[in-house]
Amino acid sequence: MLQPIIEIDGVSKSFGALEVLKDLSFNVAPGEKLALIGPSGSGKTTILRILMTLETINGGTIKVDGEQLWHREHEGGLIPADERHLHKMRAKIGMVFQLFNLFPHKTVLENVTLAPILTKGAGREDAKRSAMTLLEMVGMAEKADAKPAQLSGGQKQRVAIARALALQPKIMLFDEVTSALDPELVEEVLNVMRRLAEETDMTMLLVTHEMSFAHDFADRVLFFDGGRIVEEGPPDDIFTQPKEERTQAFLKKIIAAGQRI
Amino acid sequence: MAQWSGYLELILQGALVTLQLTVLGTVVALIMAFLGGLGRLSRHWWIRWLATGYIEFFRGTSIFVQLFWAYFVLPLFGIPLSPLQAGVLALGLNVGAYGAEVVRGAIQSVPKEQYEACTALNLTGWQRMRHVILPQAFVLMLPTFGNNAIELLKGTAVVSLISLSDMTFQAQVVRAQTGETALPFLTILLLYFVFSTAISTAIRGLERHLARGLDGTRS
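What you are looking at is a predicted structure, and each value in this text was computed from that prediction instead of being measured.

Visitor: What is the right way to read the sheet that holds strand 2 (residues 18-28) of chain A from this model?
Guide: Hydrogen bonding along the main chain pairs the strands of a sheet, whether they run parallel or antiparallel. All names here are of chain A. With antiparallel pairing, four strands are arranged side by side in an open sheet as 2-1-4-5. Both edges of this open sheet fall to strand 2 and strand 5 (67-68), since each of them pairs with a single strand only. Sheet analysis places strand 4 (residues 59-64) next to strand 5, joined by two bridges and oriented antiparallel. Residue V64 lies in a different strand from strand 5, and its bridge partner there is E67.

Visitor: Would you take a moment to explain the nonpolar core for this structure?
Guide: In a soluble, globular protein the nonpolar side chains are often hidden away together inside. In this structure, F26(A), I47(A), L51(A), I62(A), L173(A), L205(A) and M141(B) are the most contacted members of the largest nonpolar core, which totals 55 residues. Here L51(A) is in contact with I6(A), I62(A), V64(A), L69(A), I93(A), L173(A) and L205(A), once residues within four sequence places are set aside. Ranked by size, the runner-up nonpolar core spans 53 residues in total, among them V138(A), A146(A), F174(A) and V189(A).

Visitor: Help me understand the sheet that holds strand 10 (residues 203-207) of chain A, please; the structure alone is not making it clear to me.
Guide: Residue and element names in this part refer to chain A. Here six strands make up an open sheet; going across it, the order is 8-9-10-3-11-12 and the pairing mixed. The strands lining the two open edges of the sheet, one partner per strand, are strand 8 (93-96) and strand 12 (228-233). Taking each pair of neighbouring strands and ignoring which way they run, the sheet shows an average axis angle of 20 degrees. Inspection of the sheet shows strand 8 paired to strand 9 (residues 171-175) by four bridges, in the parallel sense. For M95, the partnering residue across the bridge sits in strand 9 and is L173.

Visitor: Honestly, empty space enclosed by the protein in this entry has me stumped. Any pointers?
Guide: Unfilled space is identified by rolling a water-sized probe across the atoms. All names here are of chain A. Counting across every chain of the model gives two cavities of 30 Å³ or more. The space that makes up the largest cavity amounts to roughly 40 Å³. Counting residues per element, the ones that place at least two in the lining of the largest cavity are strand 1 (6-15), strand 2 and helix 1 (44-51). If one sorts the elements of the lining of the largest cavity by residue count, helix 1 sits on top with three residues.

Visitor: Got a minute to help me understand the interface of chain B and chain A in this structure?
Guide: For an interface, size is often stated in terms of accessible area lost upon the parts coming together. The interface of chain B with chain A comprises 24 residues on the first partner and 28 residues on the second. Around 2,300 Å² of area is buried between chain B and chain A when both sides are counted, 63% of it from carbon and sulfur atoms. Our enumeration of links across chain B and chain A arrives at one salt bridge. Note that E116(B) is salt-bridged to R49(A), the shortest N-O span being 2.6 Å. Taken together, the links from chain B to chain A amount to six residue pairs in polar contact (both at pLDDT 80 or more). Taken together, the elements giving at least two residues each to the side of chain B that touches chain A come down to helix 5 (112-120) and helix 6 (125-155) of chain B. Here the element with the most residues in the side of chain B that touches chain A is helix 5 of chain B; it accounts for seven residues. For the side of chain B that touches chain A, the per-class residue count stands at eight nonpolar, eleven polar and five charged.

Calculation notes
Residues numbered from 1 in each chain as written. Chains lettered and ligands numbered in written order. Predicted model: local features only at pLDDT ≥ 70, side-chain atom pairs only at ≥ 80, totals over all residues. Heavy atoms only, no water. Pairing = 2+ DSSP bridges. Helix = DSSP H or I, 4+ residues; strand = E, 2+ residues; numbered from the N terminus. Core = buried A, V, L, I, M, F, W, Y, C linked by side-chain atoms within 4.5 Å. Buried < 20%, exposed > 50% of the residue type's maximum accessible area, 1.4 Å probe, protein only. Contact = heavy atoms within 4.5 Å. Axes fitted to C-alpha atoms, helices over the stretch in contact; angles between N-to-C directions. 1 Å grid on protein atoms, 1.4 Å probe; cavity = no way out; pocket = protein on both sides within 12 Å on 5 of 7 lines; lining within 4 Å. Points joined across faces, edges and corners; volume = space filled by probe spheres on them. Buried area = accessible area lost by both parts, 1.4 Å probe. Salt bridge = Lys/Arg side-chain N within 4 Å of Asp/Glu carboxyl O. Polar contact = N/O pair within 3.5 Å; in protein donor to acceptor, adjacent residues only side chain to side chain. Nonpolar A, V, L, I, M, F, W, Y, C, P; charged D, E, K, R; others polar.

The following block contains the structure:
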C-alpha cells in the first residue's frame, strides 16, 4: 500500500470541558476522496480545521505527506511546531469554507491571485493567467472583475474553490461547502467538485450533509458520532447496508428529512 | 472698514497656522493611532504594555498640561521645541491615543472568518494584516477618524497659550487692538466651522469611495 498522505494517530481535542475528538485514528491514501458524515457536533468539521491548522490538538500526532503537522522532530523526540513549520505544512493543504470567506474588498480575480503572488512569489501576469484558467474551470471567468457582494452564494463558493486551487495543494478540505446555499444553487457547486474529483488526483476530504453527493463522490465514507468513527467503508456499504445501529439511525433521520441517499 | 480688512488678513494668517497645525497634527495622530492600535494587539506583552501605557496616559491627562510639557518642560531636558513643533507633538500624541482605540476596535471587528481564510491561504501575519484585515478595518475607522480630526482642529486653539499665533490667538490680538469683540470672534467661529465641514465632507467622500461593493464582510 502507498504511504498514506494523512496519518491521524490517537488525536484528541477538547474545547474547555467538551471533548470533541476522542483518541481518533485514521489514514487517508494519496488521491483518495473521503467523505466525513455524521450528526452536528460529532467532530467532523473539527478534523478539517485541525488539518488546516485553525485548531490545535490536545493529544496524538498527525502526519501530512510523511511529515509531522503539529510537531517538529527535535533530538529524537517531538516538540510543538513553530509558525515557520506550520507555514511550510500549510502549503500542502487548501480549504473551502461553509461561508465562503472571500475577501470582500477584492475582485473575484484578486481573490484568486492574492495568495499565489504573496506566498509563491508568482508574477502578476502569470498569477492572472493561472487564475483565469481556474475561474474558467469553475465557470466564473466572466465575473473576474466583480466584487464578491455582487455574486450569488453558489458563485461565491465557486470562486472560493478556485482561490484554494490556485495554490495547488495536494490536499483539499471541503467544509460543508453547500450548507449555506439556497437549494437551487447547490448543484452548480457540486458539479465543480465532481469535475475536480474526476480530473485531478488531489486528495479530498469532504464534510457534508449531502448524502447522495457523498455517495457518488467518495471512495470511502467515515461516519462520526460523539468524536469517534463509528463506522467506515465504501459508500455502497455505508449507505445501503450500514452495520452499526447509530449509522442506521442517522441515515433514517436523513431520509425522513427528505434526502435521497 | 478699510482698517478691518487689515485685521482680517491677520486672522487669515492665523488660519494658515491653524491649518498647518491640523494637517501636521493629524499626520502624527494617524501614525500614533496605528502604532498604538497595532501595539495593543501585539503578541508580545511588553509591546501591549507600552501601547496601553501611551493610550491611557494621553487620554487621562489634560491636553493643556501636555502642551505645557512639550513647550516648557522638554527644553529643561535638552529638547527645545518651537511652538509649532510643540503644538503638533502634543496634539498628535493626544488625538493619536484616542485614534489607537479606534484602530484596535476596527481591526478586532473584522470577522474571524477573514483571518481563517488567510491562514488557509498560507499568508503570513503581516501579509494578512496588510492585504486583508487593514483594508477592511480602515473603512470602519474612517468615520471616527473624521471626528478625531475635527476634535484636533478645534483643539489647535490651545496653542495660543504657548504664544503660537494661530487663528484664535490672532482674534485676541485684533480684539485687543480694536476693542471690537463680536466681529473677530464671529469670523473665527465661521472659519472653524468651514474647516470642520471640509474635513467631514472629505471623509464622507473617502468613505463612500472605499466602501463601494463592501457590503457584508462575510462574502
